[in-house]
Amino acid sequence: MRKILCAICLILLSTNYSNAFSFEKTKEQPKIVQSEQFQNISNQANVLYAENDIKNAFNLFLSIPEDERTAQNWLLLGNILQDQGKIDEAIFMYNKSIQTDETFYKAYYNLGNIYLQDGRPNMAIEQYKKVIKLKPEYAYAHYNLGCAYIKLGKYGKAKYELLTAIDLKNTVADFHYNLAYVYKQQNKEKQAKIYLDYYNKLIENEL
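All figures in this text were calculated on a predicted structure; none of them were measured in a lab.

S.K.: Before we move on, can you summarise the overall build of the protein chain with the specific residues and values?
M.R.: Of the regular secondary structure elements, the protein chain holds eleven helices and zero strands. Ordered by position in the sequence, the α and β elements of the protein chain form the string α-α-α-α-α-α-α-α-α-α-α. Look at the contacts in the protein chain between residues 6 or more apart in sequence, and 57% of them connect residues 24 or more apart. Per element, the accessible surface of the protein chain, about 10,600 Å² overall, is 50% carbon and sulfur.

S.K.: Describe in detail the confidence of the model for the protein chain, supporting the description with residues and values.
M.R.: When pLDDT is averaged along the protein chain, the result is 87; 84% of the residues meet or exceed 70. Between residues 1–20, whose pLDDT stays under 50, and residues either more than four places distant or in other chains, the model counts 40 contacts.

S.K.: Describe the packing of aromatic side chains, and please don't skip the residues or the numbers.
M.R.: One pass over the full model with this rule turns up seven aromatic pairs. A ring pair is formed by Tyr 109 and Tyr 128, whose centres lie 6.0 Å apart and whose planes are at 55°; its orientation type is tilted. Separated by 19 residues along the polypeptide, Tyr 109 in helix H6 (residues 105–117) and Tyr 128 in helix H7 (residues 121–134) bring together distant segments of the chain. Residue Tyr 109 is classed as buried on the basis of its relative accessible area of 0%. Residue class for Tyr 128 comes out buried when judged on its relative accessible area of 0%. For the ring pair Tyr 177 and Tyr 199, a centre distance of 4.4 Å and an interplane angle of 70° mean the geometry is edge-to-face. Here Tyr 177 is found in helix H10 (residues 173–185), whereas its partner Tyr 199 is found in helix H11 (residues 189–206), with 22 residues between them in sequence. Just as Tyr 177 is buried, Tyr 199 falls in that class too. Site record: aromatic cluster; members linked through ring pairs are Tyr 105, Tyr 109, Tyr 128 and Tyr 138. Geometry around Trp 74 places Arg 69 over its ring, the cationic atom sitting 4.6 Å from the centre.

Analysis parameters
- Residues numbered from 1 in each chain as written.
- Predicted model: local features only at pLDDT ≥ 70, side-chain atom pairs only at ≥ 80, totals over all residues.
- Heavy atoms only, no water.
- Helix = DSSP H or I, 4+ residues; strand = E, 2+ residues; numbered from the N terminus.
- Contact = heavy atoms within 4.5 Å.
- Areas by Shrake-Rupley, 256 points an atom, 1.4 Å probe, with all protein chains shown as cover.
- pLDDT = per-residue confidence, 0-100.
- Phe/Tyr/Trp six-rings, centres within 6.5 Å; stacked < 30°, edge-to-face > 60°.
- Buried < 20%, exposed > 50% of the residue type's maximum accessible area, 1.4 Å probe, protein only.
- Lys NZ or Arg CZ within 6 Å of the ring centre and 35° of its normal.

Next comes the structure, spelled out in structure tokens:
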């Protein structure tokens, strides 16, 4: 994932910024309690998912009745469908996750990622704002929100979100790179160079 994100960002600064965001997905447990029978099935499916046995994990999740599925069950179904390129079905699953637990911020985050990837930055912004309301310290939500603003050319708002992301997690090279891009778009070459230099240092430390 790290190398992919860097490649995207390198393209971003010189040409395009439409895909400069994280696709980080979640496996976090929600607060929903299942009956013991279906909790056991969920646990088995989670293990299969972690082991990348996607087909069997998917079938196990589907075997759980809809009224017994947790927000996490719906979320992982969405992840699997998204990875298969079934975007509409993934959106449905993420929305079901949210309906099951309105405080499950990771479902909003994954939904925002789909919208941003699909060229719908305004809808992505709406989802990322919900994430931040629930989890204000989640750096990647601020980062992706900043990238959505970049796509709309709203560089002032993008700068604010990227600076917030860096304050929360200053070791992610992509955060600094995209902030350098924003400063460059604002014709602030000195600030752009500072963050680009920091980006290069972080990349060197990873080698």
